[in-house]
Amino acid sequence: MMDKITVPKPRRFRRNFVILTVAFLILGSAWFAGFNIFEVMGNLYKGSRLLGRMFLPPDFSYIPRIISPMLETIQMALVGTFVGAIIALPTAVLAANNFIKTKWLHVPLRLILNIFRTIPAMVLASLFVAVFGLGAFSGVMALAIFTFGLISKLTFESIEAIDYGQVEALMSLGANKMNVLRYAIMPQILPQYTSYTIYGFEVNIRAAAVLGWVGAGGIGQTLEYNLAWRNFDKVGMIIIFSFAIVLVIDLVSSAIRKRLV
Amino acid sequence: MIKFLNVSKTYPNGVEALKNINLEINEGEFVAIIGLSGAGKSTLLRLINKLIDSTGGEVFFDGESVTKAKGKDLINIRRQIGMIFQGFNIVKRMSVLSNVLSGRVAYHPTWKTILGIFPEEDKQIAYRALQRVDILEKVHNRASDLSGGQQQRVAIARALAQEPKLMLADEPVASLDPITTVQVMDYLKKINEEDGITTVANLHHVDLAWNYSTRIVGVREGKVVYDEQRKDLKKSKFFADLEMVYGRPITHDEILGDE
Ligand SMILES: Nc1ncnc2c1ncn2[C@@H]1O[C@H](COP(=O)(O)OP(=O)(O)OP(=O)(O)O)[C@@H](O)[C@H]1O
Ligand SMILES: [Mg+2]
């Protein structure tokens, strides 16, 4: 005869506490932000009229005129991603705590990376427009810095998660730091790093599309101009066009990323 | 060839892994190190190529102090010592050839190895090493595509490419099935006998120690408690002696069986 096994009931207290807290935070912030469901309903009519002017129909004849600013946006995203990603790789190596073990280097480095990563690209762009003037260069700078922060952080976390056995094996056969990097660390993180870079490009395309708002070049600048002149059918066309481009780039890049890792 | 002089190792967390070890290992020996989990076997092995620092005493390799070696001197010592691991630790995302060639990095200027430039004779060394462990046909495969036993053979080939004097093996077969285990042990034995490469292996299975070694060293709670030449031992006496090393009779899983 076997004894019946009894285990204590799972404790739900923690889970319930988390759910309540999250609900409270969401409702609280909605109230705080003055979110009001009736006001939303009231504005629905106004909004639908505007949508009608934008998309019924959009101004298709405008397409040839927005190709060039769209290309500029893509270029901004490309260059910004490229520059940011290139600087990010060596920085990530220095910031990872398993390659260089001195704290005085990677603690401040991480702080800087976190700051760069958390400042929205828009804010950086306004800053650079103030410093370098209007135009795509300011946008590219903003994107490069943001990308640098993003990719450095993701990459150094990947470096810290590598299989350290491979590093030890290389050390044991007499490899110096550079060789350990080349033969044990890089092969392990290169696919991830490439994937992060492509992801950075995805994010940057979207960011680049709105950077024009602060005068940092690209399609955003055209958008802002047309909004100011209330050319809503042109605005609609720009939105559709940007949406299509972003969608295509997202699809292609996530397909590539899936194959990488 | 290896000499431990009053060596101790206390880890930063306070664990005294080795206590005043004195041990000498001679050229050509195949030393099996046995002992319970946590006895200090890996620690002992890793002190020989300074993967970890000792906290007392001194380790010598070929008369040179490993303990005091730094920079170029340490690299010069390490490149003469091959090491294989329980987890194989080959670089899975590289080809078999690149893995074996990486065993040569300590012989060349860094700028060349970073660019992946190795002289033709190094490639010959790599091919011969792979042939030695009968896996030359996988030379262009990705390492991750190989089975465990094959990966361990690549690891042995990488160590052979160093043209080492000494081979360290930390539980080289603990992740392998019994048949592959015998294969890998056979290769280690062959290399020891034919190339005269001194071998020190941590082994979990006492019958592997019995079948392959020329000397058996038992470690218990950070001390060497057993040290016998294999040829002086009788099997029944050896198995009875093991209680000294393990503090209890041998359990079933410490014996591999007779396949
Ligand atoms: N990096 C470390 N930091 C702290 N303590 C450690 C470390 N490595 C090993 N130890 C401790 O030192 C002791 C000896 O460990 P060691 O790995 O040398 O044993 P072992 O004989 O190889 O055991 P196993 O058969 O499990 O591999 C153990 O108590 C272990 O917990
Ligand atoms: Mg061990």
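Residues numbered from 1 in each chain as written. Chains lettered and ligands numbered in written order. Predicted model: local features only at pLDDT ≥ 70, side-chain atom pairs only at ≥ 80, totals over all residues. Heavy atoms only, no water.

A. Up close: the overall build of chain B. For chain B, the helix and strand inventory stands at 9 helices and 10 strands. Each of the three principal axes of chain B carries a C-alpha extent, and together these read 50 × 45 × 35 Å. Counting the 259 residues in chain B, one finds 54% classified as buried. Carbon and sulfur atoms form 48% of the exposed surface of chain B, whose accessible area is close to 11200 Å². (Helix = DSSP H or I, 4+ residues; strand = E, 2+ residues; numbered from the N terminus. Buried < 20%, exposed > 50% of the residue type's maximum accessible area, 1.4 Å probe, protein only. Areas by Shrake-Rupley, 256 points an atom, 1.4 Å probe, with all protein chains shown as cover.)

B. Expanded view of the sheet that holds strand β2 (residues 16–25) of chain B. All names here are of chain B. Spatially, β2-β1-β4-β5 is the arrangement adopted by the 4 strands of the open sheet, whose pairing is antiparallel. Among the strands making up the open sheet, the edge pair consists of β2 and β5 (64–65). Judged from the 5 bridges that link them, strand β1 (residues 2–10) and strand β4 (residues 56–61) form a sheet pairing that is antiparallel. Bridge pairing in β4 places F4 opposite V59. (Pairing = 2+ DSSP bridges.)

C. Up close: unusual backbone geometry. In the Ramachandran plot, R230(A) falls in the positive-phi region, its phi being about 55° despite a non-glycine side chain. Inspection of the secondary structure puts R230(A) in the loop between α9 (219–228) and α10 (232–260). Taking relative accessible area as the criterion, R230(A) reaches 54% and is therefore assigned exposed. Of note, the phi angle at N20(B) is positive, near 50°, even though the residue is not glycine. For N20(B), a relative accessible area of 48% gives the class partly exposed.

D. Examining the site of ligand 1 more closely. Residues and elements named next belong to chain B. For ligand 1, the set of nearby residues contains 13 residues, the closest of which are S37, G38, K41, S42 and T43. Between an oxygen atom of ligand 1 and a main-chain N or O atom of K41, the distance comes to 2.8 Å. Within the side chain of T43, one N or O atom sits 2.5 Å away from an oxygen atom of ligand 1. Bound to the protein, ligand 1 loses 63% of the 630 Å² it would expose on its own. A per-element tally of the shell around ligand 1 places helix α1 (residues 41–48) first, with 3 residues. (Near = heavy atom within 4 Å. Polar contact = N/O pair within 3.5 Å; in protein donor to acceptor, adjacent residues only side chain to side chain.)

E. Highlighting the domain arrangement of chain B. All names here are of chain B. Partitioning chain B into structural domains gives domain 1 (1–80 + 165–250) and domain 2 (87–163). In this structure, domain 1 and domain 2 have C-alpha centres spaced 25 Å apart. Contacts between the two partners involve 18 residues from domain 1, matched on the other side by 15 residues from domain 2. Here domain 1 packs against domain 2, burying approximately 1400 Å² in sum over the two surfaces, 59% of which is carbon and sulfur. (Domains from an automatic or database assignment. Contact = heavy atoms within 4.5 Å. Buried area = accessible area lost by both parts, 1.4 Å probe.)

F. Looking closely at the interface of chain A and chain B. At the interface, 21 residues of chain A touch 27 residues of chain B. For the pairing of chain A and chain B, the buried interface totals around 2000 Å² over both sides, and the portion due to carbon and sulfur atoms is 57%. Considering only the side of chain A, the residues that lose the most area to chain B are S172(A), L173(A) and Y183(A), jointly responsible for 33% of the buried surface there. At the junction of chain A with chain B, the criterion picks out 8 residue pairs in polar contact (both at pLDDT 80 or more). For the side of chain A that touches chain B, the secondary-structure elements that each account for two or more residues are α7 (164–172) and α8 (177–211) of chain A. The biggest single contributor to the side of chain A that touches chain B is α8(A), with 9 residues.

G. View of the pattern of salt bridges. Applying the stated criterion across every chain yields a total of 17 salt bridges over all chains. A salt bridge links D59(A) to K234(A); the nearest nitrogen and oxygen atoms lie 3.7 Å apart. Here D59(A) is found in the loop between α2 (37–55) and α3 (63–95), whereas its partner K234(A) is found in helix α10, with 175 residues between them in sequence. Linking K237(B) and D241(B) is a salt bridge whose minimum nitrogen-to-oxygen distance equals 3.0 Å. With K237(B) and D241(B) both in helix α9 (residues 235–246), this residue pair falls 4 residues apart, about one helical turn. A relative accessible area of 44% places K237(B) in the partly exposed class. The class for D241(B) is buried, based on a relative accessible area of 13%. (Salt bridge = Lys/Arg side-chain N within 4 Å of Asp/Glu carboxyl O.)

H. Focus on the pairing of strand β8 (residues 198–202) of chain B. All names here are of chain B. Among the 5 residues that make up β8, 5 are buried, leaving the element largely enclosed by the rest of the structure. Alternating residues of β8 divide into T198, V200 and N202 and T199 and A201, and every residue in both groups is buried. Summarising the sheet, strand β3 (residues 30–34) and β8 pair through 4 bridges and their orientation is parallel. If you follow V31 over to β8, its bridge partner there is V200. Running through helix α7 (residues 178–194), the crossover from strand β7 (residues 166–170) to the neighbouring parallel element β8 is right-handed. (Right-handed = clockwise from strand over helix to strand, strands pointing away.)

I. Region of interest: helix α5 (residues 121–132) of chain A. Residues and elements named next belong to chain A. Taking 1.5 Å per residue as the helical rise, α5 with its 12 residues ought to reach 16 Å, and the 15 Å between its terminal C-alpha atoms agrees with that figure. Along α5, the residues classified as buried are A121, L124, A125, F128 and V129. Projected down its long axis, α5 shows its buried positions confined to an angular sector of 140°, all on one face. Those residues of α5 that are exposed and angled more than 90 degrees off the buried face are L127 and A130. Considering only its buried residues, α5 is in contact with α6 (136–160) and α8. Directly beyond the C-terminal end of α5, a positive phi value near 90° is found at G133. (Expected span 1.5 Å × (residues − 1). Arc of directions from axis to C-beta.)

J. Summary view of helix α2 (residues 71–78) of chain B. Among all positions in α2(B), only L74(B), I77(B) and R78(B) are buried. The buried residues of α2(B) all sit within an arc of 95° when viewed along its axis, so they share a single face. Packing partners of the buried residues in α2(B) comprise α7 of chain A together with β4, β5 and β6 (81–85) of chain B.

K. View of the sheet that holds strand β10 (residues 223–229) of chain B. Residue and element names in this part refer to chain B. Reading across from one edge, β6-β7-β8-β3-β9-β10 is the order of the 6 strands in this open sheet, with mixed pairing throughout. Both edges of this open sheet fall to β6 and β10, since each of them pairs with a single strand only. Across the sheet, the mean angle separating the axes of adjacent strands is 15° when strand polarity is ignored. Here α7 sits on the sheet and contacts β3, β6, β7 and β8; the angle it forms with β3, its principal contact strand, is near 140°. (Axes fitted to C-alpha atoms, helices over the stretch in contact; angles between N-to-C directions.)

L. Seen up close, the environment of H205(B). All names here are of chain B. Note on placement: H205 falls in the loop between β8 and α8 (206–212). Residue classification places H205 among the buried positions, given a relative accessible area of 17%. With 51 residues separating them in the primary sequence, H205 and L256 have C-alpha atoms 6.0 Å apart. The residues contacting H205, other than those within four sequence positions of it, are D253, E254, I255 and L256.

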